[in-house]
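Below are the chains, spelled out letter by letter.
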Amino acid sequence: DRFGLWSEVETTCIYALRLAVRAALLPKNRKLPHVEELQTTIEVLKHLVREAEELHLIDIGPYMRLAQKSVEISKEATNWRSYLEGKTRKEPQL
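Computed from a prediction, not measured in an experiment: that's the story for all the values here.

### Focus on the environment of Val 35
Then comes step 1: Within the element layout of this structure, Val 35 appears in helix H2 (residues 32–54).
Then comes step 2: It is 11 Å that separates the C-alpha atoms of Val 35 and Arg 18, two residues lying 17 residues apart in sequence.
Then comes step 3: Not counting the four nearest positions on each side in its chain, Val 35 is found in contact with Ala 23, Ala 77, Trp 80, Arg 81 and Leu 84.

Written out as structure tokens, the structure reads:
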């Protein structure tokens, strides 16, 4: 039902925000588990938003904005995790 699914979207958004803030405030050596949980939560959120659009609970415009923002957040979380794991982007060899 509409309010049940949308309530889950809202709850998941708030949980993701909580995870991001918590990870930001922790010392570097304790951030990784929270960033990993953030990545999982964002993936769940992307699926929930897609499901809401497929069930016609939200219009295509709001769906596109939510999908775009969730992809951006997912990329940032991935970069954050890479940083915490000590991975760096390798520059292409010329």
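Picking up where we left off.
### Description of helix H3 (residues 60–84)
Then comes step 1: For H3, which comprises 25 residues, the first-to-last C-alpha distance of 36 Å matches the rise-based estimate of 36 Å (1.5 Å per residue) to within 8%.
Then comes step 2: Restricting attention to buried positions, one finds in H3 the residues Tyr 63, Ala 67, Ser 70, Ser 74, Ala 77 and Leu 84.
Then comes step 3: The inward-facing, buried residues of H3 contact H2.
Then comes step 4: Phi turns positive, to about 80 degrees, at Gly 86, one or two residues after H3.

### Here we look at the side chain of Ser 74
Then comes step 1: Tracing the chain through its elements places Ser 74 in helix H3.
Then comes step 2: Assessed through its relative accessible area of 13%, Ser 74 is described here as buried.
Then comes step 3: Non-local contacts of Ser 74, meaning those with residues more than four positions away in its chain, are made with Ile 42, Glu 43 and Lys 46.

### Regarding H2
In an α-helix, one turn spans 3.6 residues, which is why side chains three or four residues apart end up on the same side.
Then comes step 1: Its 23 residues give H2 an end-to-end C-alpha distance of 33 Å, which sits within 8% of 33 Å, the value for a rise of 1.5 Å per residue.
Then comes step 2: Looking only at H2, the buried set comprises Val 35, Leu 38, Gln 39, Thr 41, Ile 42, Leu 45, Lys 46, Leu 48, Val 49, Ala 52 and Glu 53.
Then comes step 3: Following H2 by one or two positions, His 56 has its phi on the positive side, about 60 degrees.

### Comments concerning the pattern of salt bridges
Then comes step 1: Overall, the coordinates contain four salt bridges when judged by the stated rule.
Then comes step 2: A salt bridge links Arg 81 to Glu 36, with the nearest nitrogen and oxygen atoms 3.3 Å apart. Highlighted residues: Arg 81 in helix H3 and Glu 36 in helix H2, separated in sequence by 45 residues.
Then comes step 3: By relative accessible area, which is 28% here, Arg 81 ends up partly exposed.
Then comes step 4: Relative accessible area serves as the criterion here: at 28%, Glu 36 is assigned to the partly exposed category.
Then comes step 5: Taking the shortest distance from any N to any O, the salt bridge between Glu 85 and Arg 81 comes out at 3.1 Å.

### Comments concerning the layout of surface pockets
Then comes step 1: In this structure, the largest pocket spans a volume of roughly 210 Å³.
Then comes step 2: The wall of the largest pocket is formed by 15 residues, among which Ala 16, Leu 38, Ile 42, Lys 69 and Ile 73 lie closest to the centre.
Then comes step 3: Counting residues per element, the ones that place at least two in the lining of the largest pocket are helix H1 (2–25), H2 and H3.
Then comes step 4: Here the lining of the largest pocket takes seven residues from H3, the largest share from any one element.
Then comes step 5: Class assignment of the residues belonging to the lining of the largest pocket gives a composition of twelve nonpolar, one polar and two charged.

About the criteria used
Residues numbered from 1 in each chain as written. Predicted model: local features only at pLDDT ≥ 70, side-chain atom pairs only at ≥ 80, totals over all residues. Heavy atoms only, no water. Helix = DSSP H or I, 4+ residues; strand = E, 2+ residues; numbered from the N terminus. Contact = heavy atoms within 4.5 Å. Expected span 1.5 Å × (residues − 1). Buried < 20%, exposed > 50% of the residue type's maximum accessible area, 1.4 Å probe, protein only. Salt bridge = Lys/Arg side-chain N within 4 Å of Asp/Glu carboxyl O. 1 Å grid on protein atoms, 1.4 Å probe; cavity = no way out; pocket = protein on both sides within 12 Å on 5 of 7 lines; lining within 4 Å. Points joined across faces, edges and corners; volume = space filled by probe spheres on them. Nonpolar A, V, L, I, M, F, W, Y, C, P; charged D, E, K, R; others polar.

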